[in-house]
Amino acid sequence: MLASVSRLQSRRGRKGFTLIEVMVALTIVAFSLTAVAASMSQMIDAANSMRDRTYASWIAQNKITEMRLAGVLPEVSTTSGEIEYASATWAWRAVVSETGIENFRRIDVSVSHADSEYVVREVTGFVGEPVPPGQANQAWRSPRRLDGPTS
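Predicted model only: the values in this text are computed from it and were never measured.

1. Some points on the pattern of salt bridges
Then, number 1: Summed over the entire model, instances satisfying the criterion amount to four salt bridges.
Then, number 2: In this structure, E66 and K63 form a salt bridge, with 3.4 Å as the shortest nitrogen-oxygen distance. Remark: K63 and E66 occur in helix 2 (residues 19-69); sequence separation between them is three residues, near one turn of the helix.
Then, number 3: Of the residues examined, E66 reaches a relative accessible area of 45% and is grouped as partly exposed.
Then, number 4: Classification of K63 by relative accessible area gives buried; the value is 13%.
Then, number 5: Between R105 and E98 there is a salt bridge, and its shortest N-O distance comes to 3.7 Å.

This is the structure we're talking about:
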């Protein structure tokens, strides 16, 4: 009985964790923090990639819109340039090609970072023969019906 009382008192005297328990807890915390950091890094990379694709899409759409608003049918050609946008320098390349329809062109604009060959986004648009405001393009008018009244 005396031995069991002394063991009970020695257990009561120990308050806290053993070195092994502390090391196991620190190892678990270290693995958890590493997993959280890796996950956060992937989310940041995905957000940056999405931001870059959005900016590149806007730049490409702006180039297509500029060609449409020029008021002339663009020649079949390739043009390129650089633009400063959102605190970054972007390179763009526009390829105007035939479509098989008279006075109707296809425009493929690819956008990349100025210091990279990797194409971030490619956008395709079309431009037709310019017409005066308020008039429909004659190529797109529906033919008149000859067998009935027209309205």
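2. Side note on the pairing of strand 4 (residues 119-128)
Then, number 1: Pairing between strand 3 (residues 104-113) and strand 4: nine bridges, direction antiparallel. Across the sheet, residue R106 finds its bridge partner in strand 4, namely F126.

3. Comments concerning the nonpolar core
Then, number 1: Ranked by internal contacts, the top residues of the largest apolar core, which has 15 residues, are W90, I107, V109 and V111.
Then, number 2: With five residues, the single largest contributor to this core is helix 2.
Then, number 3: Setting aside anything within four residues of it in sequence, one finds V111 in contact with A56, I59, A60, W90, A91, W92, V119, V120 and R121.

4. Considering the sheet that holds strand 3
Then, number 1: Taking strand neighbours across the sheet as the criterion, the four strands line up as 1-2-3-4 in an open arrangement whose pairing is antiparallel. Each edge of the open sheet is held by one strand with a lone partner, namely strand 1 (77-85) and strand 4. Each strand axis lies, on average, 20 degrees off the axis of its neighbour in the sheet, ignoring direction.
Then, number 2: Sheet topology note: the strand 1/strand 2 (residues 88-98) ladder contains nine bridges and is antiparallel. Paired with I83 across the bridge in strand 2 is W90.

5. Notes on unusual backbone geometry
Then, number 1: Although it is not a glycine, A86 sits at a positive phi angle of roughly 55 degrees.
Then, number 2: Looking at where A86 falls in the secondary structure, it is placed in the loop between strand 1 and strand 2.
Then, number 3: With a phi close to 60 degrees, N103 is a non-glycine residue in the positive phi region.
Then, number 4: Counting through the fold element by element, N103 comes out in the loop between strand 2 and strand 3.
Then, number 5: The exposure class of N103 is partly exposed, given its relative accessible area of 29%.

Cut-offs applied
- Residues numbered from 1 in each chain as written.
- Predicted model: local features only at pLDDT ≥ 70, side-chain atom pairs only at ≥ 80, totals over all residues.
- Heavy atoms only, no water.
- Salt bridge = Lys/Arg side-chain N within 4 Å of Asp/Glu carboxyl O.
- Helix = DSSP H or I, 4+ residues; strand = E, 2+ residues; numbered from the N terminus.
- Buried < 20%, exposed > 50% of the residue type's maximum accessible area, 1.4 Å probe, protein only.
- Pairing = 2+ DSSP bridges.
- Core = buried A, V, L, I, M, F, W, Y, C linked by side-chain atoms within 4.5 Å.
- Contact = heavy atoms within 4.5 Å.
- Axes fitted to C-alpha atoms, helices over the stretch in contact; angles between N-to-C directions.

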